[in-house]
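Notes for the structure review
So the chains spell out like this:
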Protein chains: 2
Amino acid sequence: MKLTKKTNILIVGLGLMGGSYAIALKKKGYHVTCITRSQSSVDYALEQGIIDYGTTEVDPSLVGEADLVVFSLYPRVFLDWIERYQQYLKPGAVLTDVTGVKTSVVYRVQELLRPDVEFVAAHPMAGREVYGVRNSAGVKVDEANYIVTPTDKNTPEAVALIKQLGEELGYARVSELSPEDHDEIVAFVSQLAHCLAVVLMTCNDLQNLENYTGNSFRDLTRIAHINEDMWSELFLMNREALLRQMDLFRAQFDRLRGQLAVGDVEAMKDMMRQSTVRRDAFDKVK
Amino acid sequence: MKLTKKTNILIVGLGLMGGSYAIALKKKGYHVTCITRSQSSVDYALEQGIIDYGTTEVDPSLVGEADLVVFSLYPRVFLDWIERYQQYLKPGAVLTDVTGVKTSVVYRVQELLRPDVEFVAAHPMAGREVYGVRNSAGVKVDEANYIVTPTDKNTPEAVALIKQLGEELGYARVSELSPEDHDEIVAFVSQLAHCLAVVLMTCNDLQNLENYTGNSFRDLTRIAHINEDMWSELFLMNREALLRQMDLFRAQFDRLRGQLAVGDVEAMKDMMRQSTVRRDAFDKVK
């Protein structure tokens, strides 16, 4: 199966990311429908012309027509949806998602799922610190990564389809990782980063900081404006990996603190030099 | 004393920040000279028309003509300069600096200084992760803070002059703090932020991260590209305050880790909500 203009694409959950998929796919001429919780999101999406049809009901016939279903829901809501409504899915349908954790979701969904449909998980790494379909147009994909996390249960054809989806959406890099590797890396680059921003923003009671900050602090804490429902759920669903990364961070933090306490300038400089070299690798691909 | 077009301004150290002063002041029609280490910086600045005259020598007559001297040097080099060359300063001259630490510099300089010249310390918070006068044009001041840190030894007139300088340079906000408050706040918003970026960048050996990162990690680690000579010196010269802020951070980090380990979702959400509220205060002034 390949994406063609005849592919019926259903987006379940028209929030920030679901909306960004709708915008990109509709612009390329695909047929896009949606099921989402709020009527105002449906109305907005129809007005903007980013869906062909939308509803707030889980309409069996709409679900039954979809060749490709994109789930853009919180992890637990996604699992619940599969349990309750999978009987409506079209035989041969391919499912994908945008969830930021994989191990605790992918295997569970694949276990629950009927044998005649297939779920290929993906993580489009283009989130923002705001949400809702009204902010979807601001999702920037042209420098962002899109990671597919296939398992033994997936067919090469369905994996190729979901990679093609990432390319059609315009992501800068489409790559593959195992669910476990994905979760370890995301625990580090995304979840730990959010932990640090939140901890930094709440660790002391200094006042009027906005008058005394430089840009570095602003950049560092941009993600300290955080959706607590989503992120607490993501943290918990990736608890072991995140705890491991937090402990690695903490050990290195203590190392730097120790160097500073005893005035070991050379050791501090070594750490900073390593930091500079590693950070430069990022700018090269940007 | 007020800044006028007749004020002779000497910049000592034409690096990133010194260069940014030269650019802004020359554009406004001031008379700007410089003393800096490398001839190529002098040549470049003359070509670009951002100084009227420059030299690599500490020329007594040039120093003796300056009404306002801006020191843009590493802290120890600055202290050393004062000891060696202050006899050349013009009676009544006002001195300022751009140093990122204050307590360990300001009192020391004021103690060393001749009674007929005055030092008013300032910290323009517009640094970048690159350096040198060739990058000075990229220093963005229009959203940046400029902090003056007067002491009992300063006169209102000289403090007013250095504040006027911050306004002439185009900084978004010019404010006053004691050297001690400055150092505590900077330990938090700047130095701790740099610690976190360096620790994050060096705390594990995950490979090829550039393929799997989102923007949040890029933003968070921009400052992980770091000038190890300057920052290790700044850290050491503000050691006590930075250690205090590191310990506050670590205590809160451990709190979040503990909440995650036992699955205390409500406590995590509370911390995230506080983080969001505090971060929003920043966007309001931006």
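For every chain, the first residue of the written sequence is number 1, and numbering continues from 1 along that sequence. The naming scheme follows written order: chains are lettered A onward, ligands numbered 1 onward. For this predicted model, a pLDDT threshold of at least 70 governs which residues receive local features, and a threshold of 80 or more governs which side-chain atom pairs are given and counted, while totals over whole chains, interfaces and linings are taken from all residues. The basis for every side-chain value is the complete set of non-hydrogen atoms in the structure, without hydrogens or water.

Interpreting fine coordinate detail is not advised for predicted regions of low pLDDT. The predicted model of chain A has a mean per-residue pLDDT of 94, with 99% of residues at 70 or higher. Taken together, the chains of this predicted complex give a pTM of 0.86 and an interface ipTM of 0.87. On a range of 0 to 100, pLDDT expresses the predictor's confidence in each residue.

Take the interface of chain B and chain A next. Two residues qualify as a contact provided that any one of their heavy atoms is within 4.5 Å of a heavy atom in the partner residue. Listed per partner, the contact involves 84 residues of chain B and 84 residues of chain A. In terms of surface lost to chain A, no three residues of chain B exceed Y212, R218 and F282 of chain B, which account for 9% of the buried area on that side. The term salt bridge refers to a side-chain nitrogen of Lys or Arg lying within 4 Å of a carboxyl oxygen of Asp or Glu. A salt bridge links E228 of chain B to R273 of chain A; its shortest N-O distance comes to 3.3 Å. Here a polar contact means two N or O atoms within 3.5 Å. Within protein one must be a hydrogen donor candidate and the other an acceptor candidate, and residues neighboring in sequence count only if both atoms are side-chain atoms. On inspection of chain B and its partner chain A, the count reaches 36 residue pairs in polar contact (both at pLDDT 80 or more). Of all elements in the fold, only β8 (145–149), β9 (173–176), α7 (179–202), α8 (215–221), α9 (228–237), α10 (239–262) and α11 (265–285) of chain B reach the threshold of two or more residues within the side of chain B that touches chain A. Under the DSSP-based scheme used, a helix requires at least four consecutive residues in state H or I and a strand at least two consecutive residues in state E, with every element numbered from the N terminus. Here the side of chain B that touches chain A gets 17 residues from one element, more than from any other, and that element is α10 of chain B. By definition, the buried area sums, over both parts, the 1.4 Å-probe accessible area that each loses when the two are put together.

Residue and element names in this part refer to chain B. Across the two faces of strand β4 (residues 68–71) the burial is the same, with L68 and V70 and V69 and F71 all buried. DSSP calls a pair of strands paired once it identifies at least 2 bridges connecting them. In the sheet, strand β1 (residues 8–12) pairs with β4 via four bridges, with the strands oriented parallel. The partner of I9 across the bridge, within β4, is L68. Looking at chain direction, β4 and strand β5 (residues 94–97) are connected through four bridges and run parallel. Bridge pairing in β5 places F71 opposite D97. Crossover connection from β4 via helix α4 (residues 75–85) to parallel β5: handedness right-handed. With a 1.4 Å probe rolled over the protein chains alone, any residue whose accessible area is under 20% of its type maximum counts as buried; one over 50% counts as exposed, and the rest are partly exposed. For crossovers, right-handed means that the path from the first strand over the helix to the second runs clockwise, given strands pointing away from the viewer.

Turning our eyes to something else, we now look at the relation of the copies chain B and chain A. Here the copies were fitted onto each other by least squares, based on C-alpha atoms from residues at pLDDT of at least 70 in both. Turning chain B through 180° and shifting it by 0.0 Å along the axis lays it on chain A, with an RMSD of 0.0 Å. These values place the two chain copies in the arrangement generated by a two-fold rotation axis. Residues of chain B ranked by C-alpha distance from the rotation axis are headed by L220 of chain B, positioned 2.3 Å from it. Both copies share a contact surface, since 100% of the interface residues of chain B are interface residues in chain A too.

What follows is about the sheet that holds strand β9 (residues 173–176) of chain A. All names here are of chain A. Across the sheet, three strands lie side by side as β7-β8-β9; this open sheet has mixed pairing. Only two strands of the sheet have a single partner each, and these edge strands are β7 (121–124) and β9. Adjacent strand axes in the sheet meet at a mean angle of 20° when their direction is disregarded. Relative to β9, strand β8 (residues 145–149) runs parallel, the two sharing four bridges. Counterpart to Y146 in the pairing with β9 is V174. Orientation is described by lines fitted to C-alpha atoms, with helices fitted over the stretch in contact, and by angles between N-to-C directions that extend from 0 to 180 degrees. In the packing of helix α6 (residues 156–168) onto the sheet, contacts are made with β7, β8 and β9, and the angle to β8 comes to roughly 170°.

As a further point, take the pattern of salt bridges. On inspection of all chains with the given rule, the structure shows 34 salt bridges over all chains. One salt bridge connects D247 of chain A with R257 of chain B, and the closest N-O pair in it is separated by 2.6 Å. Of the two residues, D247 of chain A is situated in helix α10 (residues 239–262) and R257 of chain B in helix α10; the pairing between them involves two chains. For D247 of chain A, a relative accessible area of 33% puts it in the partly exposed group. A relative accessible area of 22% places R257 of chain B in the partly exposed class. The residue R273 of chain B makes a salt bridge to D270 of chain B at a minimum N-O spacing of 2.9 Å. Here R273 of chain B pairs with D270 of chain B, and both are found in helix α11, just three residues apart, close to one helical turn. Relative accessible area serves as the criterion here: at 33%, R273 of chain B is assigned to the partly exposed category.

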